[in-house]
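# A structural walkthrough
One-letter residues, chain by chain:
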Amino acid sequence: MHGAVSINPNAIAKISVYGVAIPFHALGSRWVGRDKPDHLDSTIVIIETRSGLSGVGESCPIGAIYLPAFAVGLRAALEEMAPALLGQDATQINQVNRVMDETLFGHVYAKAVIDIACWDLLGKHCAQPLSQLLGGRFQSRIPAYASIPLRTPDDMVAMLKQKQSEGFTRFQIKIGDDPIEDCERVRAVVAAGRDGDLFMADANRGWSQADALRAVGQINQIDCYLEQPCATYRECLPVRERCTRPFILDEVIDSPQELARAIADDALDALVIKVTHAGGLTPAKIQRDLCLSHGIKMRLEDTAGTEITRAAQAQLAAATPLSLQLGSYTFVNDRPATADGAPEVLNGMLHLNHEPGLGVTPKMDVLGEALAVYA
Ligand SMILES: [Mg+2]
């Protein structure tokens, strides 16, 4: 066995772990915690094989209480899994995932960064853009959406107008505060919409079931989607029953199994698939395919991140029919780019290149010195 592994040119020979600080301005959600971080801590991993091929991935939790994921835990999980990953064939991605699952239970956000790096590497190995390997490319331009932070209705309308002027036509309205004030926010923003604009009111689990039931009658009068009103799947169900607007689930769906249950319960019209929350491109693709086969709309995106995250979500979005997409996120903020070649954001659209894998080249001067190297 040892001999067979040692001659495999695709065997993982080195795993390098980098950390990047991302300026963070909370969108108003209470789910970032008591001490709102002013920076997020993103982890970028580069995998190299014996033959010298490399792949890159990124995973960036939003603080420590948004999801069961945090930056320090991510790196500890990588340290736990690295010895088992070295020597594995990076192009055998299901086997790589199996080895990770046999080494560490859970911690899918850490496994995601390895999974994404292996997909990038496989794309380069096959000389194909990842979208080609994720089912085939439907389009190279993906509509992005702009998120409007929870503020006063006037401030939110002003932000809408700014984003409209930048070319966006799809908008997320952050709510999840007082349910009656939230309805005023949504009504004001949607009223300032232009023909063809699409609105998604996202409570980010901020409403109790009772709050949501108070609000839903008014939401039903407004032309918008309602996204993730309550903290748990169970609390969302009675809201879904009374909501006549299209209903989006986000944070409570964390696996293909949970999605299959929600589909069987008719609990959603649309799903947010965050690639690292799903556990990487492998499980995200399963969720994508379940949605495709049931006619459920999707937002293909991620929790947070930089150019590498933008490229991963965009490759999956490029391989998914636009008719079933609500839009992707841009991950644009004030910091140096971590990679060249990532999809450009132009007039509210993401534009993909045709390079192999994720289509990005990490900027080593921005990544700086590795925090850990396993070899
Ligand atoms: Mg959401």
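Quantities reported herein were computed from a predicted structural model and do not represent experimental measurements. (Residues numbered from 1 in each chain as written. Predicted model: local features only at pLDDT ≥ 70, side-chain atom pairs only at ≥ 80, totals over all residues.)

This part covers the overall build of the protein chain. Within the protein chain one finds 14 helices and 16 strands. For the protein chain, the C-alpha radius of gyration of 20 Å lies close to 21 Å, the compact-globule estimate for 375 residues. Referenced to the eigenvectors of the C-alpha coordinate spread, the extents of the protein chain come out at roughly 65 × 40 × 40 Å. Among the 375 residues that make up the protein chain, the fraction classed as buried is 49%. For the protein chain, the share of sequence-separated contacts (at least 6 apart) that also reach a separation of at least 24 residues comes to 72%. (Helix = DSSP H or I, 4+ residues; strand = E, 2+ residues; numbered from the N terminus. Rg over C-alpha atoms; globule rule 2.2 N^0.38 Å. Buried ≥ 20, exposed ≤ 12 C-beta atoms within 10 Å, placed from the backbone. Contact = placed C-beta atoms within 7 Å.)

The next subject is unusual backbone geometry. Even without being a glycine, A127 presents a positive backbone phi close to 55°. For A127, the location among the structural elements is in the loop between α4 (108–126) and α5 (130–133). A positive phi angle, near 50°, is found at N347, a position not held by glycine. Tracing the backbone through its elements, the reader meets N347 in the loop between β13 (344–346) and β14 (349–351). Judged by C-beta crowding, with 12 C-beta atoms within 10 Å, N347 ranks as exposed.

Before going further, it helps to examine the sheet that holds strand β16 (residues 372–374). Taken together, the four strands give an open sheet; going across it, the order is β3-β2-β1-β16, and neighbouring strands pair in antiparallel fashion. Of all the strands in the sheet, just β3 (54–59) and β16 have a single pairing partner and so form its edges. Taking the axes of each pair of neighbouring strands and ignoring which way they run, one obtains an average angle of 20° across the sheet. Pairing geometry for strand β1 (residues 12–23) and strand β2 (residues 39–49), over eleven bridges, is antiparallel. Across the sheet, I15 pairs through a bridge with I47, a residue of β2. (Pairing = 2+ DSSP bridges. Axes fitted to C-alpha atoms, helices over the stretch in contact; angles between N-to-C directions.)

Let us now look at helix α3 (residues 93–103). Among all positions of α3, only I93, V96 and M100 are buried. The arc that holds the buried residues of α3, viewed along the axis, is 55°, so those residues lie on one side. Residues N94, R98 and E102 are exposed on α3 and point more than 90 degrees away from its buried face. The elements touched by buried residues of α3 are α2 (71–85), α4 and α12 (281–294). (Arc of directions from axis to C-beta.)

Across three bridges, the pairing between β1 and β16 is antiparallel. Its bridge partner lying in β16, V17 is registered against A372.

Attention now goes to the environment of E235. With respect to the helices and strands, the residue E235 is situated in helix α9 (residues 233–242). Non-local contacts of E235, meaning those with residues more than four positions away in its chain, are made with Q209 and C230.

Turning our eyes to something else, we now look at the domain arrangement of the protein chain. Under the domain assignment, the protein chain is made up of domain 1 (2–127 + 364–374) and domain 2 (132–362). Look at where the C-alpha atoms of domain 1 and domain 2 centre, and you get two points 24 Å apart. Opposite the 42 residues of domain 1 that make contact, domain 2 presents 36 residues. When contributions to the side of domain 1 that touches domain 2 are tallied by element, the ones reaching two or more residues are β1, β2, β3, α3, α4 and α14 (364–367). In terms of residues, the side of domain 1 that touches domain 2 owes the most to one element, α4, which gives 13 residues. (Domains from an automatic or database assignment.)

Turning next to the sheet that holds β13. Across the sheet, which stays open at both edges, the three strands sit in the order β4-β14-β13 with antiparallel pairing between neighbours. If you trace the sheet from one side to the other, it starts and ends with β4 (141–143) and β13, each paired once. Within the sheet, the average angular offset between the axes of one strand and its neighbour, ignoring direction, is 30°. The pairing of β13 with β14 spans three bridges and is classified as antiparallel. Counted as the bridge partner of L346 is M349 from β14.

Moving on: the packing of α3 against α4. Running from amino to carboxyl end, α3 crosses α4 at an angle of 160°, the nearest separation of the two axes being 10 Å. Here α3 is positioned roughly antiparallel relative to α4, judged by the angle of their axes. Regarding α3 and α4, the two cross each other, and that crossing is right-handed. Touching I93, V96, N97 and M100 of α3 are K111, I114, D115, C118, W119 and L122, all from α4. Across the contact of α3 with α4, the residue classes break down as seven nonpolar, one polar and two charged. (Parallel < 35°, antiparallel > 145°, perpendicular 65-115°, else oblique. Left-handed = near helix turned anticlockwise from the far one by under 90°. Nonpolar A, V, L, I, M, F, W, Y, C, P; charged D, E, K, R; others polar.)

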